[in-house]
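Structure at a glance
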Amino acid sequence: MNSNIKLGKIMGIPIGIHASWFLIFFLITWSLATGYLPQEYPKISSSINLIVAVITSVLFFGSVLFHELGHSAVALRNQIPVKGITLFIFGGVAQIGREPSTPGAEFRIAIAGPLASLFLAGLFGGLYLLDQQIPYLSAPSLYLMRINLILALFNMIPGFPLDGGRVLRAIVWKLSGNFVRATQIASASGQVVAFGFIALGIFSVFSGQLMNGLWLAFIGWFLQNAAASTAYQVNMQERLRGSTVAQAMSRDCTQVPGLMTLNQIVQERVLSQGQHCFFVTDFSGAKIGVLTLQDITRVPQLQWRYTAAQTVMTPLHRLVTVEPDMELIAALKKMDDENLSEVSVADQYGLVGMLSRDNVVRYLKLRSHLKM
Ligand SMILES: [Zn+2]
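What counts, and at which threshold
Residues numbered from 1 in each chain as written. Predicted model: local features only at pLDDT ≥ 70, side-chain atom pairs only at ≥ 80, totals over all residues. Helix = DSSP H or I, 4+ residues; strand = E, 2+ residues; numbered from the N terminus. Rg over C-alpha atoms; globule rule 2.2 N^0.38 Å. Buried ≥ 20, exposed ≤ 12 C-beta atoms within 10 Å, placed from the backbone. Pairing = 2+ DSSP bridges. Domains from an automatic or database assignment. Expected span 1.5 Å × (residues − 1). Bend = angle between axes of the 7 residues up to and from the residue. Core = buried A, V, L, I, M, F, W, Y, C linked by C-beta atoms within 7 Å. Contact = placed C-beta atoms within 7 Å. Axes fitted to C-alpha atoms, helices over the stretch in contact; angles between N-to-C directions.

Some words on the overall build of the protein chain
Of the regular secondary structure elements, the protein chain holds 13 helices and eleven strands. Its C-alpha atoms give the protein chain a radius of gyration of 27 Å, more than 25% over the compact-globule value 21 Å for 372 residues. By its C-alpha atoms, the protein chain is 85 × 50 × 45 Å across when sized along the principal axes. Within the protein chain, the proportion of its 372 residues that are buried is 32%.

This is the structure in structure tokens:
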């Protein structure tokens, strides 16, 4: 989830908004301004209700942000970086830089969000006790108390990726000592919860609650995707454990002189010999960069005749490299962090090959074919 709009930083964490957030902000403000507030304050003009609705809605999302800051503060305290917090259509998400290394840390980070929401529920509840008689204040405080209570309880449903699912994972992890097993159980329960939401949503649609039903089904669908992709990732990590870059990388990159044109490379090397990565060399035969099919396709085909390999290659000093004996999981993580679909492989003597996501998929297929 990437932010489209950046709001600034809190505790050094970039805070942003995803475009989908505007829809939910509008829906909530609208339901407050036309439903909840006129019901509570029938005598107040609709323009004032609208202003109160906007402020309440902003505080609603301030509460969501506070919940995510709860997770983030504890993550930072456990030396885990937080890349950012994004508000989006289903609430908020804190991008925690990596998985916690102990069940204790996982538990504390997960529980911090619901506790932050409970704290706000108490705060708005207390405020409501004080401002019961004051128009403009009482209904919003009551509403925000309820919302924060719902945020705390909803998130404690024990299905990954909800906070309750993470708490469940921490507990199973602690009891079994097995992180992978714990993640599998938590994401399986997450998928059960997700399908529960979808079923409940469909049931609501057929019993006449169209909007609520659709909403529940969408949340279920979102949770299902997240739980399934976590299960897939952990499964893949488990299968890749112990494998190194050298086992999956491709070694069939050949050398091309820097002045060779793209047209020549495509005709003589790619089409007729099926090669797809090249080490570009200078006059002395030393490697000066890497050229991939991706680099070639970035140049319009009409210019291939006049474009030399060395002008579009990635030069050595800009290459992101991994070592042959690096764990595959670590190499994939590095590709993720750098947002790359392939990296060069280099040992102490220089470039030896390339590693792409396709290589990893092929390697996994080969292993499963060999029943390894
Ligand atoms: Zn949370």
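Section: the sheet that holds strand E6 (residues 277-281)
The mixed open sheet is built from four strands, whose spatial order is E5-E6-E7-E8. Each of the sheet's edge strands pairs with one partner strand only, and the pair in question is strand E5 (254-257) and strand E8 (314-315). Relative to strand E7 (residues 287-292), E6 is paired through five bridges, and the arrangement is antiparallel. Looking across to E7, one finds that Phe-278 is bridged to Leu-291.

So, the domain arrangement of the protein chain
With domains assigned, the protein chain is organised as domain 1 (5-156) and domain 2 (245-369). For domain 1 versus domain 2, the separation of C-alpha centres amounts to 47 Å.

Examining the pairing of strand E3 (residues 82-88)
For E3, a buried count of five out of seven residues is recorded, marking the element as mostly surrounded by other parts of the structure. As paired elements, strand E2 (residues 13-17) and E3 share three bridges and run parallel to each other. Bridge pairing in E3 links Ile-17 to Leu-87. With antiparallel pairing between neighbouring strands as the criterion, E3 and strand E4 (residues 91-96) make up a hairpin whose turn holds two residues.

Topic: helix H3 (residues 103-131)
A rise of 1.5 Å per residue sets the reference length of H3, with its 29 residues, at 42 Å; its end C-alpha atoms lie 42 Å apart and thus fit the reference within 8%. Taking the largest bend as the criterion, H3 deviates by roughly 30 degrees, centred on Ala-112, and proline Pro-114 comes between one and four positions later.

Focus on unusual backbone geometry
Following Phe-160, the chain continues into Pro-161 via a peptide bond in cis, with omega recorded as 5 degrees. On the secondary structure map, Pro-161 appears in the loop between helix H4 (138-155) and helix H5 (163-176). Backbone geometry at Met-11 places phi at a positive 55 degrees, although glycine is not the residue there. Looking at where Met-11 falls in the secondary structure, it is placed in the loop between strand E1 (5-10) and E2. Residue Met-11 is classed as exposed on the basis of its C-beta count, with 11 C-beta atoms lying within 10 Å. One non-glycine residue, Gln-79, adopts positive backbone phi at about 60 degrees. With respect to the secondary-structure elements, Gln-79 resides in the loop between helix H2 (46-77) and E3. A count of 11 C-beta atoms within 10 Å places Gln-79 in the exposed class.

Re the pairing of strand E11 (residues 350-356)
Examined bridge by bridge, strand E10 (residues 342-347) and E11 share six bridges and lie antiparallel to one another. Bridging across to E11, Val-343 finds its partner in Leu-355. Remark: two residues form the turn of the hairpin made by E10 and E11, two consecutive strands paired antiparallel.

A closer look at the nonpolar core
Of all hydrophobic cores here, the largest spans 53 residues; its most connected members are Leu-37, Leu-65, Ala-110, Leu-144, Val-167 and Leu-223. For Leu-65, the residues in contact, after removing those within four places along its chain, are Ile-15, Ile-85, Leu-87 and Gly-92. Among the nonpolar cores identified, the runner-up in size contains 26 residues, and Met-249, Ala-309, Met-313 and Leu-328 belong to it.

Thoughts on the environment of Gly-201
Within the element layout of this structure, Gly-201 appears in helix H6 (residues 179-206). Residue classification places Gly-201 among the buried positions, given that 21 C-beta atoms sit within 10 Å. Sequence-distant contacts of Gly-201, defined by excluding residues within four places in its chain, comprise Gly-213, Leu-214, Leu-216, Ala-217 and Gly-220.

Describing the sheet that holds E4
The pairing of strands in a sheet comes from backbone hydrogen bonds and takes either a parallel or an antiparallel form. The strand order across the open sheet built from four strands is E1-E2-E3-E4, with neighbouring strands paired in mixed fashion. What marks the edges here is a single partner per strand, and that holds for E1 and E4. Put simply, the sheet's adjacent strands are angled 20 degrees from each other on average, direction ignored. Examined bridge by bridge, E1 and E2 share five bridges and lie antiparallel to one another.

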